[in-house]
Amino acid sequence: MSVAIVTGASKGIGKACAIKLAEDGYTVVVNYSRSDDAAQSTLDEIKAAGGDGMIYKADVSDPAQVKKMMRDVDKTYGGIDVLVNNAGIVKDEYLLMMSGDTLDKCFDLNVKGYVYCAQAAALKMFKKKKGVIINMSSVSGSFALAGQCVYSATKGAVNSFTHTAAKELAPYGIRVNAVAPGFIATEMIDAIPEDKKAEYLKVIPMQRFGRAEEVAAVVSMLASDACAYMTGQVITLDGGLSL
Ligand code: NAP
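The following refers to the structure shown. (Residues numbered from 1 in each chain as written. Predicted model: local features only at pLDDT ≥ 70, side-chain atom pairs only at ≥ 80, totals over all residues. Heavy atoms only, no water.)

Let us look at the packing of aromatic side chains. Enumeration according to the criterion identifies three aromatic pairs in this entry. Summarising the aromatic geometry, the rings of Phe183 and Tyr200 are spaced 4.3 Å apart at their centres and angled 25° between planes, so their arrangement reads as stacked. Highlighted residues: Phe183 in the loop between strand E6 (174-181) and helix H6 (187-190) and Tyr200 in helix H7 (residues 194-202), separated in sequence by 17 residues. Here Phe183 and Tyr200 have matching classes, each one buried. Aromatic ring contacts, followed pair by pair, group Phe183, Tyr200 and Phe209 into a single cluster. Cation over ring: Lys129 sits above Phe126, and NZ or CZ is 4.3 Å from the ring centre. (Phe/Tyr/Trp six-rings, centres within 6.5 Å; stacked < 30°, edge-to-face > 60°. Helix = DSSP H or I, 4+ residues; strand = E, 2+ residues; numbered from the N terminus. Buried < 20%, exposed > 50% of the residue type's maximum accessible area, 1.4 Å probe, protein only. Lys NZ or Arg CZ within 6 Å of the ring centre and 35° of its normal.)

What follows is the structure, encoded as structure tokens:
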């Protein structure tokens, strides 16, 4: 049995990744922090398609909850093969108008959460000398979009973390890569005002937002042996936005 944990899999990109990895044959742990019904519906879709897994409620910005989740999953399934670090938040604010808690909230989940999960999962993968970690970054990590100074800083940190973790973990058979999507149609994008969305569409050469399933397809490929010699890379899929 191969086991994949997808953080933030109750909705959006994480949900699509969970469903795709289940189709690929993984037993999938659907992590989430609040949306019980949505997480259950991700698992229901997995099971309806013949897959298997469980939902696991844990706030991945809390190191104690992360450690417990990895321990419980390891105990239940006898190992962790793939971790998709996906749970993240965006808070678009201009630097000069930034509110007090934006910096802490974004870094706690988008950076510290990824590090907590990667460390705890790698300690389990280390036993098998095999594993894959995929970090959900963003094109904003390397391409400047006004209003995203904090979010982009967190995703830039994810990219740097991906490079260094890949170098440290390669000798133990653990590959670490990242996916950097552009605008993908999820609740995160629904929250953007219509006039701003229209502005963004104008600068995407493919003239559309991406689909969560298109991100999941890249995650599936990175998890597979097709990418057995690839580590430390950040794969952009943004419809040409950053060109
Ligand atoms: P989304 O639709 O808002 O979904 C976020 C997911 O994260 C939900 O399942 C949510 O579940 C979960 N979550 C939130 N806080 C959590 C916490 N503390 N612990 C565990 N789970 C938590 O977001 P999305 O658009 O799919 O984005 C997913 C990732 O892709 C993020 O890292 C984001 O930065 C990145 N990304 C998105 C886009 C885009 O255009 N959508 C582009 C580039 C990168 P609950 O509600 O149950 O907590």
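Okay, the site of the ligand next. Around the ligand, a shell composed of 32 residues is seen, among which Ser10, Ser33, Asn86, Tyr151 and Thr186 lie nearest. Here Gly8 contributes a backbone N or O atom positioned 3.2 Å from an oxygen atom of the ligand. Residue Asn86 places a main-chain N or O atom 2.7 Å away from an oxygen atom belonging to the ligand. In the complex, the protein chains occlude 94% of the 890 Å² of accessible area that the ligand would expose alone. For the shell around the ligand, the secondary structure elements donating two or more residues are helix H1 (12-23), strand E2 (27-32), helix H4 (102-128), helix H5 (149-169) and H6. Element by element, the count of residues in the shell around the ligand is highest for H6, at three residues. (Near = heavy atom within 4 Å. Polar contact = N/O pair within 3.5 Å; in protein donor to acceptor, adjacent residues only side chain to side chain. Areas by Shrake-Rupley, 256 points an atom, 1.4 Å probe, with all protein chains shown as cover.)

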